[in-house]
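Coordinates in review
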Amino acid sequence: MFKPTTLALALMAACSAPAIANTISGKVTDESGAPITGAKISIEGSRLIVFTDEQGRYSLANVPEQNVHVHVSTQKFLHGDKDLGSITDDQQLDFVLLPASIENITVTASAMHNSVLESVTPVSVISADELRRKQQPTLGETLKTSPGVHSSYYGPVSSSPIIRGASGPRVKIVQNGLDVGDASRIGPDHNVAASTSSATQVEVLRGPATLQYGSGAIGGVVNVVDKRIPQQMPYETEGEAEVRYSSVDNGKFGKVDVTTGVNDFAFHFDGFKRKTDNVEVPGYASVEPDDDEVKGEIASSDMDTTDFTAGVSYIQDEGYIGFSVEKLDNLYGVPGHSHEHEHEEEEEEEDHDELEEGTKIDVDMTRYQMAGEWYSPVDGIDNVRFMAAYTDYTHVEIEDGAVGTEFNNDSTNVKLSATHNGINGWHGVFGLQYTNSDYEAIGEEAFSPPTTTDTFAAFLIEQKKVGDVLFEFGGRVEQTRYDVDDTEVEFHVEHADEHDEDDHDEDDHDEDDHDEEEHEEEALAFDFPTYDFTSVSLSAGANWEYSKGYSAALTLSRNERAPSQQELFSGGQHIATRTYELGLVYELDDDGELLDTLRDVEKEVSTNLDLTFRKFGGDWGYTVSFFYTQADDYIYESGTGLLAVSEEHEHEEGEEEEEEEGTPVYHFQQADADLYGLEAEAFISLNDTLELTVYGDYIRAKLDTENLPRIPPLRLGSTLRYQGQSLSGEVGVEWYDDQDEIASFETATDGYTMLNASVEYDIAAQGVDWVLFAQADNITDEEARVHTSFLKDYAPLPGRNFSIGVRAVF
């Protein structure tokens with residue numbers, strides 16, 4: 001049997017014993033000298049974390065000797081920090097914190113994990129408590145009350161965030177810093193796979209802060225943060241469970257969220273189940289309802305969702321490494337997604353009598369994620385972070401029980417970054433990122449060819465504080481490559497003006513000649529080359545605390561964005577948007593005929609300016625951001641005046657000629673554009689229990705010759721919140737202006753006002769905090785149509801809704 005030698009024992013003892021034993025202790029108080037309980041004290045680049053006791057005292061043992069930077073944070077006060085450099089003995093370090101007018105939450109998606117108020121660029125963080133109050137089935141609807149954020153609202157079943165008027169590939173959705181890997185960037189009817197039901201916070205980044213995640217995210221980044229891979233050992237088993245019911249859709253929702261630890265392992269599990277019926281609305285869902293439309297509901301707007309996530313981490317003082325797996329099954333109806341097979345024979349309809357009618361999407365997603373962090377691996381490096389995710393995403397579109405189009409997207413995302421400590425006062429993060437996406441669509445709605453996308457990127461973000469000014473510089477180099485399968489595009493169109501003239505044509509034409517003139521038929525095969533884009537993006541900014549509790553931040557960035565696969569290669573009917581889409585690579589001649597040649601495309605290049613003013617101390621505060629973007633070769637969809645028609649619409653001899661309804665053809669184009677506006681939010685504590693919030697935003701977006709489509713209107717909102725010992729509640733009102741600044745082939749949208757209210761009652765019993773809650777939305781039952789929605793004329797916002805539920809937090 002092996003017996004350790006004396007030398008081996010000595011080496012083991014030397015390696016296991018701490019090299020230093022310095023201690024930092026002190027007290028954290030407010031301006032009046034009152035102790036602050038529960039403040040978090042941490043050492044940058046290490047796992048050393050303690051919290052202040054009831055007297056505001058703390059003690060950090062075994063502090064490293066080199067590059068000691070102490071941080072203190074709490075949500076109700078401004079953060080404090082002290083760079084001690086190198087220490088050789090014990091230290092006494094006290095902090096006096098100023099009160100914050102808003103929750104000062106740390107932004108995990110920012111390069112240096114700055115707080116909301118320290119950020120150089122505009123950022124919003126929705127905390128766990130606020131998320132529970134705003135919880136909706138979709139991500140876009142959950143976040144839409146944040147200033148500058150709106151929802152694409154494809155009915156109640158699918159929506160994505162719109163940030164500063166930008167959507168689709170210009171807004172990146174990430175889960176714990178990695179791309180969600182779904183198909184939501186392809187079409188508005190494809191729901192975002194990231195859920196906020198168990199999120200600890202959601203971060204909305206705008207401007208240069210997005211450089212860590214992609215050059216294309218010029219609108220912003222939405223980071224959904226949860227505990228699926230625990231980074232710290234919980235003191236004891238913690239979590240929450242919730243059930244709720246909503247009246248507007250007969251909705252039932254239940255969830256559980258648990259984190260626990262055993263020895264050096266932390267375990268996490270969360271899951272939820274949501275089941276709803278069709279959503280009720282005031283009046284008819286359609287602006288111009290058919291004779292057979294049912295009044296008072298949106299057809300095919302039901303949802304049945306199940307999601308489970310499990311994770312485990314191995315945690316040591318030197319860092320952690322963890323793994324998680326998520327399984328999502330989501331079956332939901334799609335309003336306005338009908339393929340309109342009205343002329344099918346009765347026998348075919350009878351074959352599906354036993355099946356549920358309407359169009360549905362059945363999502364099956366499995367996501368594997370790994371993350372790890374190594375603290376202070378070598379001198380000069382605070383930490384090294386590694387993240388990787390593989391997502392197997394599939395959804396099929398089902399019409400009257402029959403499987404139609406199938407969308408598959410297998411994606412891999414790997415990210416490695418390192419944070420370095422002070423080099424002449426500069427702190428920063430640098431990293432590498434690789435993303436692979438293998439996308440294909442099979443079926444009648446396969447409007448884009450199978451595409452493999454590879455993206456390689458390197459990024460660097462640096463910060464330095466000089467006096468009261470925090471400077472930030474960043475850059476990202478990104479190479480994007482598209483390998484596209486050969487495809488054939490069927491293009492059968494008529495001119496819209498000819499379509500109108502045909503209805504009044506009294507001349508006697510031979511029917512075959514009429515059809516030949518009416519339809520310009522093309523069925524062309526395309527052999528695509530490999531498309532490569534190299535994007536270089538740079539940013540610079542500064543945050544100046546020019547007076548105690550006041551700051552002004554200015555950022556300037558230049559972003560290059562490679563066109564997305566949808567913008568490049570779309571070529572077919574996109575039923576979700578009720579359009580026929582033609583990508584940038586295709587070319588039409590002056591007569592609207594599709595040519596057999598491919599045209600050159602350019603990167604989208606934008607220059608962005610952000611100016612933000614903040615007041616964050618005392619009983620009231622505000623954040624006001626002005627932004628301006630000038631974009632060269634901005635990518636947008638332009639109406640062509642053509643109507644795409646199916647060959648099935650050709651009239652047979654002897655049949656009575658009926659009016660033929662085609663699908664508008666939209667062609668992706670590039671032109672210079674200007675986007676500008678402002679977003680603002682103000683808070684005031686009226687007394688110890690009442691707080692008033694007022695917010696609003698305005699966005700203007702236009703090309704040289706016309707407005708851009710689906711831009712949100714002017715919005716103003718206000719919330720009055722009461723926070724008592726056990727009872728809390730709020731009343732909110734939100735007003736949307738008319739939107740008549742519209743693009744060609746777009747219609748104006750009437751404004752509306754929404755009135756909402758909620759109440760909560762806390763009961764603490766045997767270590768469990770029980771929360772009873774009730775909520776009322778759209779109390780006035782107003783008909784509200786969302787201008788940013790492709791379905792605004794077919795799917796208004798839900799009518800009056802009452803929700804009740806109970807939540808247990810332990």
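Just above sits the structure.
Now for a look at the structure at hand. (Residues numbered from 1 in each chain as written. Predicted model: local features only at pLDDT ≥ 70, side-chain atom pairs only at ≥ 80, totals over all residues. Heavy atoms only, no water.)

1. Some thoughts on the pattern of salt bridges
For the record, the criterion: Any carboxyl oxygen of Asp or Glu within 4 Å of a side-chain nitrogen of Lys or Arg constitutes a salt bridge here. Under the scheme applied here, a residue whose accessible area is under 20% of the maximum for its type counts as buried, over 50% as exposed, and between as partly exposed, the area being computed with a 1.4 Å probe on protein chains only. Here a helix means four or more residues in a row that DSSP labels H or I, a strand means two or more in a row labelled E, and each is numbered from the N terminus.
Scanning the entire structure with this criterion turns up 32 salt bridges. As a salt-bridge pair, Arg561 and Glu567 come within 3.1 Å of each other at their nearest N and O atoms. The same class applies to Arg561 and to Glu567, which are both buried. Here Arg561 and Glu604 are joined by a salt bridge, their closest N and O atoms 3.1 Å apart. Here the residue Arg561 occupies a position in strand E30 (residues 550-561), and Glu604 occupies one in strand E33 (residues 604-615), the gap between them amounting to 43 residues. For Arg561, a relative accessible area of 2% puts it in the buried group. Each member of the salt-bridge network shares a partner with another, and the members are Arg164, Arg206, Asp610 and Glu679.

2. Digging into the side chain of Asp270
Basically, it comes down to this: Asp and Glu count as negative and Lys and Arg as positive, but His and the ends of the chain are not part of the count. The definition of a polar contact used here is a pair of N or O atoms within 3.5 Å, where within protein one atom must be able to donate a hydrogen and the other to accept one, and adjacent residues in sequence count solely through side-chain atom pairs.
Structurally, Asp270 is set in strand E18 (residues 265-276). Although Asp270 is buried, it makes no salt bridge; Arg228 carries the closest opposite charge, 5.8 Å away. For Asp270, the side chain forms a polar contact with the side chain of His268, separated by 2.7 Å.

3. Digging into a negative patch on the surface
How we decide: Each patch is built from residues that are more than 30% exposed by relative accessible area and take part in no salt bridge. Like charges join if they lie within 9 Å; nonpolar side chains (Val, Leu, Ile, Met, Phe, Trp, Tyr) join within 5 Å. Each accessible area is a Shrake-Rupley estimate made with a 1.4 Å probe; only the visible protein chains count as cover when residues are assessed. Where a charge sits is defined by one atom per residue type, namely NZ (Lys), CZ (Arg), CG (Asp) or CD (Glu).
Side chains of Asp438, Glu440, Asp485, Asp486 and Asp527 sit close together on the surface and give a patch of like negative charge. Topologically, Asp485 is positioned in the loop between strand E26 (469-484) and strand E27 (487-495). With a relative accessible area of 42%, Asp485 lands in the partly exposed category.

4. Focus: the pairing of strand E41 (residues 801-809)
So the rule is basically this: By the convention used here, strands pair only if DSSP detects at least 2 bridges between them.
Here strand E16 (residues 238-246) pairs with E41 via seven bridges, running antiparallel. The residue of E41 that forms the bridge with Arg244 is Gly805. Taken together, the nine bridges between strand E40 (residues 768-777) and E41 define a ladder with antiparallel strand orientation. Bridging across to E41, Leu772 finds its partner in Val806.

None of this, on its own, says anything about what the molecule does.
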